[in-house]
Amino acid sequence: MSFFANRCTLASAIVLALSAVPAVVRAQTSPAADSPPAAATSSQEAADGATDTQLEAVTVTAQNRTQELQQVPIALTVVTDEQVEKLSATDLSQISTYVPGLVVDSFDKTQPAFTLRGISTEGFSMGIDRAVGIYVNGVYQTNGGGSLLAFNDIARVEVLKGPQGTLFGRNTAAGAISIVTNQPGLDLEANARARVGEDGMRYFDGLLNVPMSETLGLRVSVLDNRSDGWLRDDGTGRHYALDRQEGVRMAVGGSISENWDLLLSWDHEVIKEPQRLQIGALPYLSNTSQRAPFPADPATFLDPREVPIYNDTPNGKQTKDYDGGTLALTRHLDWATFTSTTAFSESDIAHFEDQDGTNNPTLYLDSGVTQSGRTYYQEFKMAGANETIDWVAGASFYREEGRQSNIVNSSTSTVDTLLFNQGAGGPCGGPLACTDAALRSFGLTQHFLGHAYSEQIDNTMTSDSYAAFGDVIWHINDRLNLTGGLRFTRDDKDFGWFNQPRTAEELDANIAQLAAMGLLSAIPPQLLYVLTHNIVFPDAVGIPVSSNGSWSDTSPRVVLDYQFTPDTMGFVSVSKGYKAGGNDGVQIGSEYDPEEVRNYELGFKNAFPTLNMVLNASIYHYDYSDRQSLALVPATTPGGIPQYLVQSTDQSADGLDVEWLWKPMRNLTLNLSAAYIDSQFDDSAQTASGIDLSGQPTGEPEWSFAAGATYGWELANNGSMEFNLQYAYRGEARCNGDSVFQGTCGSYTGFEVGEEQNYTNAHLSWTSPSQRWGAALFVNNLTDEQYVRSIAGQGLSVLGTPVGSITPPRMWGFEVNFRL
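Description of the structure in this document. (Residues numbered from 1 in each chain as written. Predicted model: local features only at pLDDT ≥ 70, side-chain atom pairs only at ≥ 80, totals over all residues. Heavy atoms only, no water.)

Looking at the overall build of the protein
1) Next: When its secondary structure is counted, the protein shows 10 helices and 39 strands.
2) Next: Out of the 820 residues belonging to the protein, those deemed buried represent 57%.
3) Next: Excluding contacts between residues fewer than 6 apart, the proportion of contacts in the protein whose partners are at least 24 apart in sequence is 71%.
4) Next: Total accessible area on the protein stands at roughly 31,500 Å², and carbon and sulfur atoms take up 55% of it. (Helix = DSSP H or I, 4+ residues; strand = E, 2+ residues; numbered from the N terminus. Buried < 20%, exposed > 50% of the residue type's maximum accessible area, 1.4 Å probe, protein only. Contact = heavy atoms within 4.5 Å. Areas by Shrake-Rupley, 256 points an atom, 1.4 Å probe, with all protein chains shown as cover.)

This is the structure in structure tokens:
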């Protein structure tokens, strides 16, 4: 707590100093729409007509109320649609680098991972919820469904840091990301944009908004995102790291009577792409029958950025088919507003990927997940305000139903390698190879090598969540506000496992033939057991297993904010976040306790209108109980392979967030945002494999920041130009005792995993005098920095085959756009 206490003292001193800013500072301002992600401010002067050098106001709905950003006592970053355009971003993962403290990992587009202030949830099981809630127009999105939809006609993205359970509900222990789309209007509007670029980039989006009546509008937007990829298999020529994404959004909205408003929307998205690529770090093993040296020697690992690529997964892919609809009805009363939100979604996802990084038949190993699900959400909310209080109250119900299969595909040749590496076999090779040699010596054609082998666990889930919530802002006087919120949640989750007997039809046929000949007794009993039983998922084979979990939680929020001057606000808050308990899809019978985060925060928001500047900062401390994280756990059965299982640990962290924005002249805007965090495991923290992590860092880098500038100029009668340059930095990962085994941290010959990362994006645009036509040249990752994301894999500890993944290279493109 010493770090937190010291920064509390520092922040208090800063707030008191800023409160002495001369009274000439009159207005609160906010970031321009053309600025990068940064704090924004409100402005009295905006109502009188802001000058060209003043920062424009940005409104948000972060507290379930429409407010100007600088009036919200929450650490909050807003990314506008224009900022998204200048980053040439197509989804959340491409803006997160420029929002310090936020990481969106889309390496697997069907199961993205979200981290906020060092809190994340990784996992493929539908029984495990996220700690970072993703919301589209206030509707919660499932992990495998709509959590990483393409940006399609969005108005802004609000990133709320710290627990947001009272305001948003379930699974916001770390914070919430709220995506707000543009709503139908009553004016005719049309625009289109096309991009072409490196590696066959072909992107198009278009929008049409038409009035249906004097009070209703129809808005339709489409996108098509394609590229040929920046990686290629040296054995097959297949392209990887490419885009094949399509999306449609339709919405009807407006007034249906004097007191009723309606918004009806539908989203559809399809992804059909090759697998995420696991690159083998031992390429000389490919296209041969040579086994990898075992145990693996990290000193021999090659840089995944520099090696040939060989994969042999026959059905490698990542696909998603998503549909979601929302109906919002709003009734305006004299004293309040009533809103009913009804939402439904369904999705089908699948991913299959190589786990050995070679096309070697003795090492063949791939894994996959298929999942289908649907969700239903209903919320009733009342909101009102008077001179004394602003209040919101409501109740909600959420149901998720799903089916999932976890699949491992391999071969009996790989099983032979696994057994050989565990000490079985002899001079003739592995035990299956030796058995085949013995059979051949007797003139028999039956054999055990070279047969397909597969195991599969099927899951079912029904999850219900009920909640009642209320949040009140009490205006004690014209400077002091006290906010109190409370949400009660009950979660019921029914989860089922069915571990199918392993599938190896050709192997079984050979065993049956030997049995008919009375020769099975010649095969060692232990080997015969391995060949006829599950070795990857050995538990409860052929037996249905179920779990019925129920959890209840009350999450409070208390905030005290004080307006020191019209332009300086300080706040202190205490809040609790909650994430429901869950189940791991491959850990039969598992049940995990709910996660809880208790967050303590002190911050200020300050505007300097005469300087056209904004400076916001906050410090925080949180205690994180029962964090559910995905970890690679060593195999425990002969011939088995390591599995990604869920483990629970306790953590705590101290941190600092800072955002600064300055518009020193009419055409120039500068920005800087930074995040610091010291996140550690608490005492007695231990991995599922028994490694003691007590007091060690969780792996989260201490520092991350983003900085940039936007400069515009006029071209007389030829329109205007604008140049935007953004730089982002993410510090070195802080290794712990489990980092190398997990593959997220470590030093190797010629490369590092978890090294500091630097990215620069540049965007140069032209707009015609009529503002109808435009063009742009953009470069993402200008300096062409590529990093090794990880090096590990399920095959490393049993096959000796390390696989790595890498970040994208530089990408440039050209854009043209048109607005009606």
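Looking at the packing of helix H5 (residues 412-421) against helix H6 (residues 431-441)
1) Next: Look at H5 against H6: their axes get within 7 Å of each other, and the N-to-C directions meet at 115 degrees. Of the residues in H6, those in contact with Thr412, Asp416, Leu419 and Phe420 of H5 are Pro431, Leu432 and Ala433.
2) Next: Residue classes in the contact of H5 with H6 are distributed as 5 nonpolar, 1 polar and 1 charged. (Axes fitted to C-alpha atoms, helices over the stretch in contact; angles between N-to-C directions. Nonpolar A, V, L, I, M, F, W, Y, C, P; charged D, E, K, R; others polar.)

Focus: helix H7 (residues 505-516)
1) Next: Compared with an ideal rise of 1.5 Å per residue, which puts 12 residues at 16 Å, H7 spans 16 Å between its outermost C-alpha atoms and is within 8% of the ideal.
2) Next: Every buried residue of H7 is accounted for by Leu507, Asn510, Ile511 and Leu514. Buried residues of H7, seen end-on, are gathered within an arc of 100 degrees and therefore sit on one face of the element. Exposed residues lying more than 90 degrees from the buried face of H7 are Glu505 and Ala516.
3) Next: Summarising the contacts, the buried residues of H7 are in contact with H5, H6, strand S24 (480-503) and helix H8 (525-532). (Expected span 1.5 Å × (residues − 1). Arc of directions from axis to C-beta.)

Notes on the sheet that holds strand S10 (residues 175-181)
1) Next: One open sheet holds the 5 strands; their spatial order is S3-S9-S10-S7-S8, and the pairing between them is mixed. Lying at the two open borders of the sheet, with one neighbouring strand each, are strand S3 (76-80) and strand S8 (139-140). (Pairing = 2+ DSSP bridges.)

Observations regarding the pattern of salt bridges
1) Next: Applying the stated criterion to the full structure yields 35 salt bridges.
2) Next: The partner of Lys493 in a salt bridge is Asp129, and the shortest N-O contact between them spans 3.2 Å. One end of the pair, Lys493, is in strand S24; the other, Asp129, is in the loop between strand S6 (119-120) and strand S7 (132-136), and 364 residues separate them in sequence. Like Asp129, Lys493 is buried.
3) Next: A salt bridge links Asp416 to Arg291; the nearest nitrogen and oxygen atoms lie 2.9 Å apart. Of the two residues, Asp416 sits in helix H5 while Arg291 sits in the loop between strand S18 (279-280) and strand S19 (317-332), which places them 125 residues apart along the sequence. (Salt bridge = Lys/Arg side-chain N within 4 Å of Asp/Glu carboxyl O.)

Some remarks on the nonpolar core
1) Next: Residues Leu92, Ile95, Phe114, Phe151, Val157, Ile177 and Tyr622 are the most contacted members of the largest nonpolar core, which totals 36 residues.
2) Next: For Val157, the contacting residues outside a window of four places in its chain are Thr77, Val78, Val79, Leu92, Ile95, Phe151, Ile177, Ser178 and Ile179. (Core = buried A, V, L, I, M, F, W, Y, C linked by side-chain atoms within 4.5 Å.)

Regarding the pairing of strand S36 (residues 773-780)
1) Next: Among the 8 residues of S36, 6 are classified as buried, and the element is accordingly described as predominantly covered.
2) Next: Pairing of strand S35 (residues 757-767) with S36 involves 6 bridges; the strand directions are antiparallel. In the sheet register, His763 faces S36, and the bridge partner there is Phe778.
3) Next: Linking two consecutive strands that pair antiparallel, namely S35 and S36, is a turn of 5 residues; a positive phi of about 65 degrees is found at Gln771 within it.
4) Next: Direction of pairing for S36 relative to strand S39 (residues 811-819): antiparallel, over a ladder of 8 bridges. The partner of Ala775 across the bridge, within S39, is Val816.

Topic: the side chain of Asp233
1) Next: When you line up the elements, Asp233 lands in the loop between strand S14 (231-232) and strand S15 (239-240).
2) Next: Buried and unpaired, Asp233 has Arg232 as its nearest opposite-charge partner, separated by 7.2 Å. (Lys, Arg positive; Asp, Glu negative; His and termini not counted.)

Looking at H5
1) Next: Of all 10 residues making up H5, 9 are buried, and the element is well covered by its neighbours.
2) Next: Considered for burial, the residues of H5 that qualify are Thr412, Ser413, Thr414, Val415, Asp416, Thr417, Leu418, Leu419 and Asn421.
3) Next: At its buried positions, H5 is contacted by strand S22 (389-411), H6, strand S23 (452-475), H7, H8 and helix H10 (796-799).
4) Next: Directly beyond the C-terminal end of H5, a positive phi value near 105 degrees is found at Gly423.

A few points about the state of the cysteines
1) Next: Applying the stated criterion across every chain, the model contains 2 disulfides.
2) Next: Note that Cys735 is cross-linked by a disulfide to Cys745, the S-S spacing being 1.7 Å. With the S-S dihedral at roughly -65 degrees, the linkage between Cys735 and Cys745 falls on the left-handed side. Taken together, the residues span a long stretch of sequence, with Cys735 in the loop between strand S32 (720-730) and helix H9 (739-742) and Cys745 in the loop between H9 and strand S33 (746-748) at a distance of 10 residues. (Disulfide = S-S within 2.5 Å.)

A look at a nonpolar patch on the surface
1) Next: A cluster of nonpolar side chains, contributed by Val196, Phe723, Leu725, Leu764, Leu777, Leu782, Trp812, Phe814 and Val816, occupies part of the molecular surface with about 730 Å² of accessible area.
2) Next: Of all elements in the fold, only S32 and S39 reach the threshold of two or more residues within the nonpolar patch.
3) Next: Ranked by residues supplied to the nonpolar patch, first place goes to S39 with 3 residues.
4) Next: Assignment of secondary structure puts Val196 in strand S11 (residues 189-197).
5) Next: By relative accessible area, which is 48% here, Val196 ends up partly exposed. (Patch = residues over 30% accessible without salt bridge, like charges linked within 9 Å, V, L, I, M, F, W, Y side chains within 5 Å.)

Some remarks on the packing of aromatic side chains
1) Next: If you walk through the whole model with that rule in mind, you get 20 aromatic pairs.
2) Next: Aromatic side chains Phe495 and Trp497 sit 4.9 Å apart centroid to centroid with 65 degrees between the ring planes, which places their arrangement in the edge-to-face category. Grouping residues by exposure puts Phe495 and Trp497 together as buried.
3) Next: When the ring of Tyr759 is compared with that of Tyr787, the centres are 5.7 Å apart and the planes differ by 75 degrees; the resulting orientation is edge-to-face. Placement of Tyr759 in strand S35 and of Tyr787 in the loop between S36 and strand S37 (788-792) is noted, with a sequence separation of 28 residues between them. We note that Tyr759, like Tyr787, is buried.
4) Next: Among the aromatic residues, those joined into a cluster by ring pairs are Tyr135, Tyr140, Tyr377 and Tyr398.
5) Next: Its guanidinium or amino end placed over the ring of Tyr203, Arg195 lies 5.0 Å from that ring's centre, counting from NZ or CZ.
6) Next: The cationic tip of Arg291 hangs over the ring face of Phe420; the distance from NZ or CZ to the ring centre is 4.6 Å. (Phe/Tyr/Trp six-rings, centres within 6.5 Å; stacked < 30°, edge-to-face > 60°. Lys NZ or Arg CZ within 6 Å of the ring centre and 35° of its normal.)

Things to note about the sheet that holds strand S4 (residues 102-105)
1) Next: Strand order in this open sheet of 3 strands is S4-S5-S6, and the pairing throughout is antiparallel. Each edge of the sheet is formed by a strand with only one pairing partner; in this case those strands are S4 and S6.
2) Next: When strand S5 (residues 113-116) meets S6, the two strands line up antiparallel, connected through 2 bridges. Residue Thr115 lies in a different strand from S6, and its bridge partner there is Ser120.

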